[in-house]
Amino acid sequence: MIQPDWELFVSSLWPLLDGAVRGTIPLALTSFAIGLVLALVLALMRLSAKRVLSVIARGYISIVRGTPLLVQLFVIFYGLPSIGVTIEPWPSAVIAFSINVGGYAAEVIRAAILSVPKGQWEAAYMIGMSHSRALARIILPQAARVSVPPLSNTFISLVKDTSLASLILVTELFREAQQITAFSQKFMLLYLEAALIYWVICLVLSTGQGFLEKRLDRYVAR
């Protein structure tokens, strides 16, 4: 029976954690923040009365949701150089993940905005608010509470998806595991250790999501 190499397990723990802190988490946070801004723009375009804007947003969302994230990542990093556009690994990963988050989160935000009762719009107009002001001050804050659970799930999924960045040589958690296994040849041990760290990160995020949802529920009328 093969015994686990606990010395290797302990010695590789810090490099893996360092990869998570310096690579995985910043990559996920940066991509999610940019993706949310993009998603909000796309959601408003989908809801726009101008058909051209709505069609553009629909097309974008359809393409992003209809193609694998790995393909999107490879198109940006390996495909663009063929037309003279070369982007470094880290920015390439941020762009790909942001584009992907934007496509998925846009529908979440759109549904959250539509879930706000029309009476809220009417009340805002009655007190003299413009459409944009009503959206910013009345509608979006209410929509934000509705969108927290699905957007939180999107972020947790993104944290796991950042492992794909290792395929374009971005130094993050899984890339560190690959580099260590290249010398140690302990594939099972190192990959399980990486999986454990991913699980702990997602567990912490899930706990934070639950706490945030309870806090927001305090401000929802029942």
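Residues numbered from 1 in each chain as written. Predicted model: local features only at pLDDT ≥ 70, side-chain atom pairs only at ≥ 80, totals over all residues. Heavy atoms only, no water.

A. Just the UniProt feature "transmembrane region" (unreviewed entry) in the chain, in detail. Mapped onto this numbering, the UniProt entry gives "transmembrane region" (unreviewed entry) at residues 20–45, 57–78, 90–109 and 189–212. This span, residues 20–45, is 100% helix and 0% strand, and a straight line between its end C-alpha atoms measures 35 Å. The straight-line gap between the two end C-alpha atoms of residues 90–109 is 27 Å; of that span, 100% is helix and 0% is strand. (UniProt positions renumbered as here; feature names shortened; annotations may be inferred. Helix = DSSP H or I, 4+ residues; strand = E, 2+ residues; numbered from the N terminus.)

B. View of the packing of helix H1 (residues 6–47) against helix H8 (residues 187–217). H8 packs onto H1 with a crossing angle of 45° between their chain directions and a minimal axis gap of 10 Å. Here H8 runs oblique to H1, going by the angle between their axes. Like other packed secondary-structure pairs, H1 and H8 cross with a definite hand, here right-handed. Contacts between H1 and H8 pair Leu8, Phe9, Ser12, Leu13, Leu16, Leu17, Ala20 and Thr24 from the former with Leu189, Leu190, Glu193, Ala194, Leu196, Ile197, Tyr198 and Ile201 from the latter. Looking at side-chain class alone, the contact of H1 with H8 contains 13 nonpolar, 2 polar and 1 charged residues. (Axes fitted to C-alpha atoms, helices over the stretch in contact; angles between N-to-C directions. Parallel < 35°, antiparallel > 145°, perpendicular 65-115°, else oblique. Left-handed = near helix turned anticlockwise from the far one by under 90°. Contact = heavy atoms within 4.5 Å. Nonpolar A, V, L, I, M, F, W, Y, C, P; charged D, E, K, R; others polar.)

C. Quick peek at the UniProt feature "domain: ABC transmembrane type-1" (unreviewed entry) in the chain. Residues annotated by UniProt as "domain: ABC transmembrane type-1" (unreviewed entry) correspond here to residues 21–209. For the annotated span residues 21–209, helix accounts for 83% and strand for 0% of the residues, and the straight-line distance between the end C-alpha atoms is 20 Å.

D. Local environment of the packing of aromatic side chains. Taken as a whole and judged by the stated rule, the model has 6 aromatic pairs. Three or more aromatic residues joined by ring pairs make a cluster, and in this case those are Phe74, Phe77 and Tyr78. (Phe/Tyr/Trp six-rings, centres within 6.5 Å; stacked < 30°, edge-to-face > 60°.)

E. Focus on the nonpolar core. Ranked by internal contacts, the top residues of the largest apolar core, which has 52 residues, are Leu16, Ala93, Phe97 and Leu158. When residues in this core are grouped by element, the largest group, 11 residues, is from helix H4 (residues 89–115). With sequence-adjacent residues up to four places away left out, Phe97 is seen in contact with Leu27, Ser31, Leu69, Leu158, Asp161, Thr162 and Ala165. (Core = buried A, V, L, I, M, F, W, Y, C linked by side-chain atoms within 4.5 Å. Buried < 20%, exposed > 50% of the residue type's maximum accessible area, 1.4 Å probe, protein only.)

F. Molecular detail of the confidence of the model for the chain. Across the chain, the average pLDDT comes to 90, with 96% of residues at 70 or higher. Element-level mean pLDDT values for the chain span from 85 in helix H5 (residues 118–126) up to 96 in helix H3 (residues 69–79). (pLDDT = per-residue confidence, 0-100.)

G. The arrangement of the pattern of salt bridges in detail. Under the definition given, this model contains 3 salt bridges. Residue Glu107 is joined to Arg110 by a salt bridge in which the shortest nitrogen-to-oxygen separation is 3.2 Å. With Glu107 and Arg110 both in helix H4, this residue pair falls 3 residues apart, about one helical turn. The exposure classification of Glu107 matches that of Arg110, with both residues buried. (Salt bridge = Lys/Arg side-chain N within 4 Å of Asp/Glu carboxyl O.)

H. Inspection of a nonpolar patch on the surface at higher detail. Taken together, the side chains of Leu196, Trp199, Val200, Leu203 and Val204 present a nonpolar region at the surface, about 480 Å² in accessible area. If you trace the backbone, Leu203 turns up in helix H8. (Patch = residues over 30% accessible without salt bridge, like charges linked within 9 Å, V, L, I, M, F, W, Y side chains within 5 Å. Areas by Shrake-Rupley, 256 points an atom, 1.4 Å probe, with all protein chains shown as cover.)

I. Summary view of the environment of Val159. With respect to the secondary-structure elements, Val159 resides in helix H6 (residues 131–161). Spatially, the C-alpha atom of Val159 lies 7.0 Å from that of Ile25, the residues being 134 residues apart in sequence.

J. Broad picture of H8. The end-to-end C-alpha distance of H8 is 44 Å, a good match for the 45 Å that 31 residues give at a rise of 1.5 Å each. Within the span of H8, buried status applies to Leu189, Leu190, Glu193, Ala194, Ile197, Tyr198, Ile201, Cys202 and Gln209. Against H1, H6 and helix H7 (173–184) lie the buried residues of H8. (Expected span 1.5 Å × (residues − 1).)

K. Broad picture of the environment of Val41. Structurally, the position occupied by Val41 is in helix H1. On the accessibility criterion, Val41 (44% relative accessible area) is partly exposed. For Val41 and Phe211, which are 170 residues apart along the polypeptide, the C-alpha to C-alpha distance reads 28 Å.

L. Local environment of helix H2 (residues 51–66). For H2, spanning 16 residues, the distance from its first C-alpha to its last is 22 Å, which sits close to the expected 22 Å at 1.5 Å a residue. Those residues of H2 that fall on the buried side of the exposure criterion are Ser54, Ala57, Ile61 and Val64. Around the axis of H2, the buried residues are gathered within 105° of arc, so they sit on the same side. H2 presents Arg51, Val52, Ile63 and Gly66 as exposed residues on the side facing more than 90 degrees away from its buried surface. Buried residues along H2 sit against H1, H3 and H4. (Arc of directions from axis to C-beta.)

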